[in-house]
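# Observations on the model geometry
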Amino acid sequence: MEALFAVTLGVLSASGVYLLLRGRTFPVVLGLTLLSYAVNLFLFAMGRLSGDVAVIGQSANPADPLPQALVLTAIVIGFAMTAFVVVLALRGLAELGNDHVDGQPGHPDEERLS
């Protein structure tokens with residue numbers, strides 16, 4: 001179970017960083033979302049990965065409810081920030097006429113090569 005979580009966190013983090021480095025706004029938004037998913041899974045894993053531990057009750061070794069509360073809070077904040085970034089990207093598209101992160105339509109070498 002721990003290996004599956006580690007591989008999933010690695011794939012989500014690597015994909016998120018790759019998409020963050022793209023030149024258009026939509027992949028950047030997707031990269032931020034994937035990174036927030038990776039952070040949420042990491043926080044959730046900090047509360048123990050055992051499936052047979054009760055959160056509340058008369059267990060000898062109860063699970064810690066704090067990581068679950070942190071993940072719920074992070075989900076709400078992540079959704080709000082994603083909505084804000086999408087609106088910001090749409091505003092930039094409307095004002096600049098393109099969806100490139102730096103506001104310029106292409107790479108400077110593209111003009112020289114064509």
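Data block above holds the structure.
Here is a short report on the structure shown in this document. None of the values given here were measured: they were computed from a predicted structure.

Among the structural elements, Pro67 can be located in helix α3 (residues 66–96). Between the alpha carbons of Pro67 and Ala45 there is a distance of 8.0 Å; along the sequence they are 22 residues apart. Not counting residues within four places of it along the chain, the set of residues in contact with Pro67 comprises Leu43, Met46 and Gly47.

Quick look at the pattern of salt bridges now. Using the criterion set out here, one finds two salt bridges in the structure. In this structure, Arg24 and Asp99 form a salt bridge, with 2.5 Å as the shortest nitrogen-oxygen distance. Within this pair, whereas Arg24 is found in the loop between α1 (2–20) and α2 (25–45), its partner Asp99 is found in the loop between α3 and α4 (108–113), the two being separated by 75 residues in sequence. Since its relative accessible area comes to 40%, Arg24 is described here as partly exposed. Taking the relative accessible area as the measure of exposure, Asp99 reaches 22% and is therefore partly exposed. Ionic pairing is found between Arg91 and Glu95, a salt bridge with its closest N-O pair at 2.7 Å. Remark: Glu95 and Arg91 occur in helix α3; sequence separation between them is four residues, near one turn of the helix. In this structure, Arg91 and Glu95 share a single accessibility class: exposed.

Analysis parameters
- Residues numbered from 1 in each chain as written.
- Predicted model: local features only at pLDDT ≥ 70, side-chain atom pairs only at ≥ 80, totals over all residues.
- Heavy atoms only, no water.
- Helix = DSSP H or I, 4+ residues; strand = E, 2+ residues; numbered from the N terminus.
- Contact = heavy atoms within 4.5 Å.
- Salt bridge = Lys/Arg side-chain N within 4 Å of Asp/Glu carboxyl O.
- Buried < 20%, exposed > 50% of the residue type's maximum accessible area, 1.4 Å probe, protein only.

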